[in-house]
Amino acid sequence: MDYKNAGVDIEAGYRSVELMKKHVQQTMRPEVLTNLGGFSGAFSMDKFKDMEKPTLVSGTDGVGTKLKLAFLLDKHNTIGIDCVAMCVNDIACAGGEPLFFLDYIACGKNYPEKIADIVSGVAEGCIQSNAALIGGETAEMPGFYPEDEYDLAGFAVGVVDEKDIITGADLKAGDVLIGMTSSGVHSNGFSLVRKIFKMDKETLNTYHEELGKTLGEALLAPTKIYVKALRSIKEAGVRILACSHITGGGFYENVPRMLPEGKHAVIEKNSYEIPAVFKMIKREGQVEEEMMYNTYNMGIGMVLSVDPADVDKTLEAVRAAGETAYVIGRVEDGEKGVTLC
């Protein structure tokens with residue numbers, strides 16, 4: 001009896017590391033001081049030296065049950081983007097610049113090509129956010145996970161000068177709410193999605209005219225990463241007063257998180273076009289509208305607030321970063337919360 005007979009293939013682990021190296025290398029930054037395969041990842045603090053009060057910000061998250069679709073469709077090269085996005089978007093939302101990322105993959109059986117495929121997506125997410133992939137872990141856990149399944153989670157660290165942290169403290173009545181569009185469902189609400197649609201290859205591979213693609217393609221579209229767009233706004237000289245990443249809990253849970261006491265957000269639902277995938281989810285699942293906005297991003301992945309004088313500069317900066325944004329509402333005096341009208 002040996003470890004391989006017990007279900008853990010050490011050689012497959014070595015092979016996975018070799019296959020993922022080319023993807024990891026693409027994410028490197030000058031501050032990275034260690035190579036893949038060490039016991040820890042080292043990152044130089046030179047990045048902080050010109051800041052008055054350098055402050056670390058961090059984020060950790062997983063992909064959730066969206067992974068079930070990746071298993072069914074045997075498509076694993078974009079799910080890593082989702083994992084990175086969920087972490088780095090939270091960091092950017094606080095005004096931080098992501099510095100490095102670590103991933104954790106737990107699987108029932110280590111298939112090196114599949115693991116490398118997953119990591120290629122993680123690396124792509126890191127490239128999009130300019131974060132270095134400085135380490136990670138692949139744990140083969142036979143008997144704990146089915147052989148063809150895995151879980152994926154990650155952890156990111158960023159930095160921001162204390163004076164530049166986005167807190168919402170200076171938000172005032174009359175400030176404008178701007179929404180940056182999402183790529184679709186992102187990585188939240190898939191437990192409901194899986195109740196609405198039959199989870200089999202035939203259903204997911206069916207083309208829908210209203211979507212312009214198959215249902216599976218629409219649902220697996222990777223989460224947008226907003227790091228470059230938020231950086232572009234800052235570089236345009238605009239001060240972002242408040243910011244909210246629209247994840248699980250949709251508008252009703254996330255928008256109030258960016259508001260100070262005594263301020264109320266008003267969002268106009270007809271200020272942008274709701275993507276077809278949400279209309280389909282609502283229709284096929286007979287989901288009430290309020291529940292849709294309390295579960296999904298409904299086409300807006302990031303909400304931020306700026307002074308009215310900065311609206312045009314903000315929209316232009318978002319466009320320059322390759323993203324799309326709309327004026328979707330305003331801030332008013334009142335009880336902390338959000339009204340969708």
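Look up: the structure comes first, before these words.
Residue numbers here run from 1 along each chain, matching the order of that chain's written sequence. Totals for whole chains, interfaces and linings use all residues, but because this is a predicted model, local features are given only for residues with pLDDT of at least 70 and pairs of side-chain atoms are given and counted only at 80 or more. Remark: hydrogens and water are excluded; side-chain values derive from all non-hydrogen atoms of the structure.

K.L.:
What am I meant to see in the overall build of the protein here?
P.N.:
Secondary structure counts use DSSP, requiring at least four H or I residues in a row for a helix and at least two E residues in a row for a strand, with both numbered from the N terminus. Each helix and strand in the protein was counted, giving 12 helices and 12 strands. Computation of the radius of gyration draws on C-alpha atoms alone. For the globule rule, the value is 2.2 Å times the number of residues to the power 0.38. For 341 residues, the compact-globule estimate of 2.2 N^0.38 gives 20 Å, and the C-alpha radius of gyration of the protein, at 21 Å, lies within 12% of that figure. Here the term buried applies to any residue with accessible area under 20% of the maximum for its type, exposed to any over 50%, and partly exposed to those in between, with areas from a 1.4 Å probe on protein chains only. Looking at the protein residue by residue over its 341 residues, the buried ones come to 52%. What makes two residues a contact is simply this: any of their non-hydrogen atoms within 4.5 Å. Excluding contacts between residues fewer than 6 apart, the proportion of contacts in the protein whose partners are at least 24 apart in sequence is 85%. Values of accessible area rely on a 1.4 Å probe in the Shrake-Rupley scheme; residue burial ignores everything except the protein chains shown. Counting every atom, the protein has about 15700 Å² of accessible surface; 49% of that belongs to carbon and sulfur. Only four residue types enter the tally: Lys and Arg on the positive side, Asp and Glu on the negative side; His and the chain ends are excluded. A single reference atom marks each charge: NZ on Lys, CZ on Arg, CG on Asp, CD on Glu. Side chains of the protein give 35 positive and 50 negative charges; the mean places of these two sets differ by 2 Å.

K.L.:
Explain the nonpolar core to me, please; I cannot follow it from the model alone.
P.N.:
Joining through side-chain atoms within 4.5 Å is the link that ties buried Ala, Val, Leu, Ile, Met, Phe, Trp, Tyr and Cys residues into a set, and such a set is a nonpolar core. Counting 91 residues, the largest nonpolar core has Leu230 and Phe251 as its most contacted members. Looking at which element gives the most residues to this core, the answer is helix H3 (residues 79–93), with 10 residues. With near-sequence residues (within four places) excluded, Phe251 lies in contact with Ile246, Pro256, Ile267, Tyr272, Tyr293, Tyr296, Asn297, Met298, Ile300, Val303, Val338 and Leu340. Core analysis: the next-biggest nonpolar cluster, separate from the first, contains nine residues, Phe43, Phe100, Val157 and Val159 among them.

K.L.:
Could you clarify how one ought to interpret the packing of aromatic side chains in this entry?
P.N.:
Two numbers describe a pair of aromatic rings. These are the distance of the centres and the angle of the planes. The aromatic pairing rule takes the rings of Phe, Tyr and Trp, using the six-membered ring of Trp, and pairs them if the centres are within 6.5 Å, calling planes under 30 degrees apart stacked, those over 60 edge-to-face and the rest tilted. Within the structure shown, the criterion is met by five aromatic pairs. For the pair Phe71 and Tyr150, a centre-to-centre distance of 4.9 Å together with 75° between the ring planes defines the contact as edge-to-face. Here Phe71 is found in helix H2 (residues 67–73), whereas its partner Tyr150 is found in strand E4 (residues 150–161), with 79 residues between them in sequence. Take Phe71 and Tyr150: they sit in the same class, and that class is buried. Over a ring means this: the NZ of a Lys or the CZ of an Arg is within 6 Å of the ring centre and within 35 degrees of the ring normal. A cation over an aromatic ring shows up here: Lys109 above the ring of Tyr111, its NZ or CZ 5.8 Å from the ring centre.

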